[in-house]
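# Summary of structural features
Chain by chain, the residues run as shown.
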2 protein chains.
Amino acid sequence: MSKIKNITFTIKKYDYFKPFHITGSLSNFATNIEVCIETESGAKGHGEASPSFRVNGEKVETLIHLEPIIKDALIGLNVKNYRKIFDVMDKFFAFPSIKAAIQYATLDALSEEIGMPVYQILGGAKDEIETDKTVGIDTIENMVKDAKEIFDSGFTTIKIKVGEDLKKDIEVLDEIYKNTRGAKYIVDANMGYTPKQAIEFVKTLYSKNIEIHLFEQPVASTDFEGLKIVRFNSPFPVGADESAKTKYDVLRLIKMEAVDFINIKLMKSGISDALAIVEMVKSANLQLMIGCMGESSVGINQSVNFALGTGAFVFHDLDSALMLKEDNFRGKYLSNPPIYKAL
Amino acid sequence: MSKIKNITFTIKKYDYFKPFHITGSLSNFATNIEVCIETESGAKGHGEASPSFRVNGEKVETLIHLEPIIKDALIGLNVKNYRKIFDVMDKFFAFPSIKAAIQYATLDALSEEIGMPVYQILGGAKDEIETDKTVGIDTIENMVKDAKEIFDSGFTTIKIKVGEDLKKDIEVLDEIYKNTRGAKYIVDANMGYTPKQAIEFVKTLYSKNIEIHLFEQPVASTDFEGLKIVRFNSPFPVGADESAKTKYDVLRLIKMEAVDFINIKLMKSGISDALAIVEMVKSANLQLMIGCMGESSVGINQSVNFALGTGAFVFHDLDSALMLKEDNFRGKYLSNPPIYKAL
């Protein structure tokens, strides 16, 4: 029987190989919660929550205490009726990383029950995807070195963190561009600029003949009007990340014509809102990337299967598991960075 | 192996028990195309196209000649990677009933492959749904008689066709209301009114204390502005049917704030756009009904499984198979009208 029999939460801590610095945040480690859903037949589904206080207001110290509450809410439900479980978890909207982990673990348990991988439950649109890798904020010298290493090791898309110092950021882009010709660039300001600074940034790059393929979240998450001003003044596509958490956020962004791109992260939206966002963004003729928080291979597995299944993404920024120290790789996909393949 | 090995098209003709009259159209029979997708393992998936010239511009005489073209496009594709097949069929947007039949037959074949019903592939949100039944345009006397019969045989929601004669339509509603107290009413004008006539219609009903639960497609399909005028002046929810074919139509209706309800029909949208419409409409906090063209039990099976799986619909108008003469019931659901149950 495919009814849920038990659910367990386990805290896991992973150190970064190198402290990860973005606008307004420096991380030395990621503290995640692994969830396991077991059905009456013994099938086990695995999920991971990687909470972000900065983006979602979540604290792992509180999340872990949801275990008995979510057990009460879900035990006895059938993973084959997964939308019933999704609907229950939608009420836990204040804990989006837990919602994501439980919703994914439900699909993972269903996958074990029926002997078909999650990416095929979601549609099996692609057989492989390519991830980028990220250069955190550092000295110009170190950022160029990191970018070169990433490019030389086979990544064709480099994500570059900016947003704390406009003048230095332009220099960084200039230097990285000279040293990694042929790469594609996603530049992420993580809300660090004002709208006018953001416009100055992209117009200066354009005047220097530096092309960026996506400019992520230039301004504050709540400044949808600011995003629109940047979008209408930028020669490069502008994307929302911190502004785009729920499906309701994304419909508002679409109505406001505020962005060219949406960055879906399962940790912000869960599977249910992520599926809605995919459909809405495609209906609006906009584009999609998929990103991550501090997920290990267990959590990145979720996003890889989601991306393979829906086939909806132009860019995949699924590199956190490459930046964390982890004893064993536990993804149900073939990881050969920058390529991730369906098993 | 779950790769597609063969696809066949078959024309089937079904007579209506009673000629079916709606605004601008009288049908004595439905001519549909059954499609069968067979995989290498021998699994067979069934679908049905019930084309509508009035709504979609389709003619069965041309659709049947798509068989070799669609075979060429799909043979060798794996039904487990169903989104790849959906994407191919999205290009056949000019033949939406065929797109629907093939996309559903793909899921039906997948269902046979993995031993899980289609409604669970789509999420298994509900175990049963309740359909309405429709009173076509006729004399006042006959319409009241039909409504009473429908109500007395257990249907709690009655759909009433209007749109050819405003004054008579108000009389019809008045008489049906008196004779079926406690029923819910969906009133469908099938584009028959001008915006001002539609507003007069609903305001007159309101002044007579007659409540209708949904007022479908009062004005021309292309008159989105007219729909909005009616919505903003109607005490009852206003819905789009003929105006809401693709996901692009629906996003435009949402942006324009033109309606309260969307009527999804697989024959207009296929499975792929229908899934997108479900997600968009819920994200916009609007409501959904699901309807049909002239499907037999093979085609109604598609909509029943879609409705059970997504659980998205307030009203189910899935009565065409109850109005057609058919030798054998072939739905993979338990039909006990007004209740349809998952098997």
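Everything numeric in this text was worked out from a predicted model, so none of it was measured.

For the match of chain A to chain B, the screw axis carries a shift of 0.0 Å, the RMSD comes to 0.0 Å, and the turn is 180 degrees. The symmetry that links the two subunits is that of a two-fold axis. Both copies present the same face, since 100% of the interface residues in chain A are matched by interface residues at the equivalent positions in chain B.

Okay, the UniProt feature "binding site: Mg(2+)" (unreviewed entry) in chain A next. Residues and elements named next belong to chain A. As recorded in UniProt, the feature "binding site: Mg(2+)" (unreviewed entry) lies at Asp 188, Glu 216 and Asp 241. For the residues just named, distributed over 54 residues, the greatest C-alpha separation is only 9.2 Å, placing them together at one site. Tracing the chain through its elements places Asp 188 in strand S7 (residues 184-188). Aside from chain neighbours lying at most four places away, what touches Asp 188 is Lys 159, Ile 160, Lys 161, Val 162, Glu 216 and Gln 217. Looking at Asp 188, its side chain comes within polar contact range of the side chain of Lys 159, at 3.4 Å.

Let us now look at the interface of chain A and chain B. Taken together, the 32 residues of chain A in the interface contact 32 residues of chain B. Between chain A and chain B the total buried area reaches about 2,900 Å² when both faces are included, carbon and sulfur atoms providing 51% of it. The three residues of chain A that bury the most area against chain B are Arg83(A), Glu279(A) and Ser283(A), which together make up 22% of that side's buried surface. At the surface where chain A touches chain B, the tally comes to four salt bridges. A salt bridge links Lys84(B) to Asp127(A); its shortest N-O distance comes to 3.0 Å. On inspection of chain A and its partner chain B, the count reaches 13 residue pairs in polar contact (both at pLDDT 80 or more). Secondary-structure elements contributing two or more residues to the side of chain A that touches chain B are helix H4 (82-90), helix H5 (96-114), helix H6 (118-121), helix H11 (247-255), helix H12 (266-283) and helix H13 (297-310) of chain A. At six residues, H12(A) tops the list of elements feeding residues into the side of chain A that touches chain B. Among the residues making up the side of chain A that touches chain B, the classes are represented as 15 nonpolar, eight polar and nine charged.

About the cut-offs
- Residues numbered from 1 in each chain as written.
- Chains lettered and ligands numbered in written order.
- Predicted model: local features only at pLDDT ≥ 70, side-chain atom pairs only at ≥ 80, totals over all residues.
- Heavy atoms only, no water.
- Least-squares fit on C-alpha atoms with pLDDT ≥ 70 in both.
- Contact = heavy atoms within 4.5 Å.
- UniProt positions renumbered as here; feature names shortened; annotations may be inferred.
- Helix = DSSP H or I, 4+ residues; strand = E, 2+ residues; numbered from the N terminus.
- Polar contact = N/O pair within 3.5 Å; in protein donor to acceptor, adjacent residues only side chain to side chain.
- Buried area = accessible area lost by both parts, 1.4 Å probe.
- Salt bridge = Lys/Arg side-chain N within 4 Å of Asp/Glu carboxyl O.
- Nonpolar A, V, L, I, M, F, W, Y, C, P; charged D, E, K, R; others polar.

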